Amino acid sequence: MPVWSWVAGWILAVAETTELLPEAKAGEGDLLAKILESNLINIAIILTLLFIFGRKVVGEALAKRREGILEELRQAEQRKQEAIERLAEEQQKLAQAQQEAERIRKQAEANAEARRQELLEQAEREVERLRANAEKELSSEQERVFQELRRQIVRQALSKVEQELPQHLNEETHRSLIEKGIQMIAR
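Source: prediction; values computed, not measured. (Residues numbered from 1 in each chain as written. Predicted model: local features only at pLDDT ≥ 70, side-chain atom pairs only at ≥ 80, totals over all residues. Heavy atoms only, no water.)

Considerations on the overall build of the chain
Then step 1. Counting its regular elements, the chain contains three helices and zero strands.
Then step 2. Considering the chain as a whole, with its 187 residues, one finds that 4% of them fall into the buried category.
Then step 3. Accessible area of the chain: about 16800 Å², with a carbon and sulfur share of 59%. (Helix = DSSP H or I, 4+ residues; strand = E, 2+ residues; numbered from the N terminus. Buried < 20%, exposed > 50% of the residue type's maximum accessible area, 1.4 Å probe, protein only. Areas by Shrake-Rupley, 256 points an atom, 1.4 Å probe, with all protein chains shown as cover.)

A closer look at helix α3 (residues 171-186)
Then step 1. Here α3 is 16 residues long and its end C-alpha atoms lie 23 Å apart, about the 22 Å a rise of 1.5 Å per residue gives.
Then step 2. For α3, the buried fraction is low: zero of the 16 residues fall into the buried class. (Expected span 1.5 Å × (residues − 1).)

So, the pattern of salt bridges
Then step 1. Enumeration according to the criterion identifies 12 salt bridges in this entry.
Then step 2. In this structure, arginine 103 engages glutamate 100 in a salt bridge whose closest nitrogen and oxygen atoms are separated by 2.3 Å. One end of the pair is arginine 103 and the other is glutamate 100, both in helix α2 (residues 26-168) and three residues apart, which spans about a single turn.
Then step 3. On the accessibility criterion, arginine 103 (43% relative accessible area) is partly exposed.
Then step 4. Across the salt bridge formed by arginine 144 and glutamate 141, the nearest N and O atoms sit 2.4 Å from each other. Of this pair, arginine 144 and glutamate 141 are both found in helix α2, three residues apart, which corresponds to roughly one turn of the helix.
Then step 5. Among the residues examined, arginine 144 registers a relative accessible area of 46% and is labelled partly exposed. (Salt bridge = Lys/Arg side-chain N within 4 Å of Asp/Glu carboxyl O.)

Quick word on the confidence of the model for the chain
Low-confidence regions, as indicated by low pLDDT, have predicted coordinates that should not be scrutinised in detail.
Then step 1. Averaged over all residues, the pLDDT of the chain is 81; the fraction at 70 or higher stands at 79%.
Then step 2. The least confident element of the chain, judged by mean pLDDT, is helix α1 (residues 2-20) at 53; the most confident is α2 at 86.
Then step 3. Long-range and interchain partners of residues 21-26, a stretch whose pLDDT sits below 50, account for three contacts in this model, where long-range means more than four residues apart. (pLDDT = per-residue confidence, 0-100. Contact = heavy atoms within 4.5 Å.)

Some remarks on a nonpolar patch on the surface
Then step 1. On the surface, a nonpolar cluster with roughly 480 Å² of combined accessible area is contributed by Ile41, Ile45, Leu49, Ile52 and Phe53.
Then step 2. Residue placement: isoleucine 52 occurs in helix α2.
Then step 3. With a relative accessible area of 40%, isoleucine 52 lands in the partly exposed category. (Patch = residues over 30% accessible without salt bridge, like charges linked within 9 Å, V, L, I, M, F, W, Y side chains within 5 Å.)

This is the structure in structure tokens:
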């Protein structure tokens, strides 16, 4: 294992440095060497224990962290997919709404055109009715005026005849007119 070789190499390097330390005092050197030796042994034991037991804990922690990251990635991918689906649905709804708006606009234009045509036809019928009424009124007014003129002409003619008739009417003409009138009435 590369880690064991590294730990072992480090322990040997520390051990060699403790042997090379000059001893300033006899009592102090032994104590320093003992402390360094005991520290080296303690460090080696701690590193070994950390490696043996820590490897499992660190491995589990890394595995959990990896699973957590993978789960977050799956969830993010799922949310992304859901967002894409919702976007597609909303785009489809937008397209449908635009089609509906276009249909409504066209229908409104068609209704407006139909209403315009209907109003034009209604106006034409109203104009035609007014013309017919005007012609009828004009015709009846003309007829009334003609009748009034005839009455006036008849009155004037009668008045003239009444003025001149006594001068031209004698007894025999008078009798002949009465007989003709009776014959006309008898028929």
